[in-house]
Amino acid sequence: MGLSETEIQVLYEIALSIEPEADLETTVESAISTYLTKLNCSAVAVLERRTDPGGAVSYDPVGSVPERARIADLLESVRQRLPEDDSAAAFPIVETRGEDRHVYVMRLEGFGAILLLKNGDPLPEEVVSALRRVNDKLANACNWWVIEELDRQNERLEQIVRAISHDLQNPLSVL
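Residues numbered from 1 in each chain as written. Predicted model: local features only at pLDDT ≥ 70, side-chain atom pairs only at ≥ 80, totals over all residues. Heavy atoms only, no water.

Undergrad: Give a description of the overall build of the protein chain that names residues and reports values.
TA: The secondary structure content of the protein chain amounts to four helices and five strands. Of the regular secondary structure in the protein chain, the N- to C-terminal order runs α-α-β-β-α-β-β-β-α. Each principal axis of the C-alpha distribution contributes one length, and for the protein chain these read about 80 × 35 × 30 Å. Contacts in the protein chain between residues at least 24 apart in sequence constitute 52% of all its contacts with a sequence separation of at least 6. As displayed, the protein chain has an accessible area near 10,300 Å², and 52% of this comes from carbon and sulfur atoms. Side chains of the protein chain carry 17 positive and 31 negative charges; the gap between the two charge centres is 2 Å. (Helix = DSSP H or I, 4+ residues; strand = E, 2+ residues; numbered from the N terminus. Contact = heavy atoms within 4.5 Å. Areas by Shrake-Rupley, 256 points an atom, 1.4 Å probe, with all protein chains shown as cover. Lys, Arg positive; Asp, Glu negative; His and termini not counted. Charge placed at Lys NZ, Arg CZ, Asp CG, Glu CD.)

What follows is the structure, given as structure tokens:
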């Protein structure tokens, strides 16, 4: 059984709405809003995968609706199940809690994960599978902002290096 016309339209509308916006947070908030309304979810969170200098991996919310405090328990239980690596084989994580609460954690390649909480009927398996391509677009938009921020930091570092280099040239010339 394939996707219905309605499901295809919903996925298409979500994909169309995902574009890099003013900054990472705005991009994520816009995407979250679309996922909430189009998939009829009760909560959505985007988690950024971070690795500290010691190699420990954490997943930190970039944005969530409702606000993080109201879904903190769900986020914490999901974090414990997220993989250390960014392997596609570990996703999606699908879990039913009670009779009518469904949790979906899907990979945002190179960035982290997206968490969807849906009350009532679960998302059809075909929709969950098709969301991978839509989530890839969200991952690309998020990764674009991460790369932009790294470029800005590199530019600032280059300016500092040039200034220090220039300041050191005069004393070195004297010597």
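After presenting the structure, the write-up continues.
Undergrad: Requested: an account of the environment of Thr 26, with residues and values cited.
TA: Following the sequence through the fold, Thr 26 ends up in helix H2 (residues 24–39). For the pair Thr 26 and Glu 155, spaced 129 residues apart in sequence, the C-alpha separation works out to 23 Å.

Undergrad: If you had to explain unusual backbone geometry to someone new, which residues and values would you point to?
TA: For the peptide bond that leads from Val 65 to Pro 66, omega is -5°, which places it in the cis range. Along the polypeptide, Pro 66 turns up in the loop between strand S2 (57–65) and helix H3 (72–79). With an omega dihedral of -5°, the bond running from Phe 91 to Pro 92 counts as a cis peptide bond. With respect to the helices, strands and loops of the structure, Pro 92 is situated in the loop between H3 and strand S3 (93–97).

Undergrad: Before we move on, can you summarise the sheet that holds S2 with the specific residues and values?
TA: A sheet is described by the order of its strands in space; here five strands give the open sequence S2-S1-S5-S4-S3, paired in antiparallel fashion. A strand with exactly one partner marks an edge of an open sheet, and here the two such strands are S2 and S3. Between one strand axis and the next, the sheet turns by 20° as a mean value, whatever way the strands run. Inspection of the sheet shows strand S1 (residues 43–51) paired to S2 by eight bridges, in the antiparallel sense. Bridge pairing in S2 places Glu 48 opposite Asp 60. (Pairing = 2+ DSSP bridges. Axes fitted to C-alpha atoms, helices over the stretch in contact; angles between N-to-C directions.)

Undergrad: Lay out the layout of surface pockets with the relevant residues and their values.
TA: As a volume, the largest pocket reaches approximately 150 Å³. Around the largest pocket, the lining residues are Thr 6, Glu 7, Val 10, Leu 11, Lys 38, Leu 39, Lys 118, Pro 122, Leu 123, Pro 124 and Val 127. When residues of the lining of the largest pocket are traced back to their parent elements, those giving at least two are helix H1 (5–17) and H2. In terms of residue count, the dominant contributor to the lining of the largest pocket is H1 (four residues). A class-by-class count of the residues in the lining of the largest pocket yields seven nonpolar, one polar and three charged. (1 Å grid on protein atoms, 1.4 Å probe; cavity = no way out; pocket = protein on both sides within 12 Å on 5 of 7 lines; lining within 4 Å. Points joined across faces, edges and corners; volume = space filled by probe spheres on them. Nonpolar A, V, L, I, M, F, W, Y, C, P; charged D, E, K, R; others polar.)

Undergrad: Break down the pattern of salt bridges for me, citing the residues and quoting the values.
TA: Counting across every chain of the model gives eight salt bridges. What emerges from the salt-bridge pattern is a single network uniting Glu 48, Arg 50 and Asp 60. (Salt bridge = Lys/Arg side-chain N within 4 Å of Asp/Glu carboxyl O.)

Undergrad: Quick rundown of H3? Include the residues and the values.
TA: Looking at H3, one finds that the buried residues are Leu 74, Leu 75, Val 78 and Arg 79. Angularly, the buried residues of H3 cover 130° about the axis, an arc narrow enough to put them on a single face. Close packing links the buried residues of H3 with S1, S2, S3, strand S4 (101–108) and strand S5 (112–119). (Buried < 20%, exposed > 50% of the residue type's maximum accessible area, 1.4 Å probe, protein only. Arc of directions from axis to C-beta.)

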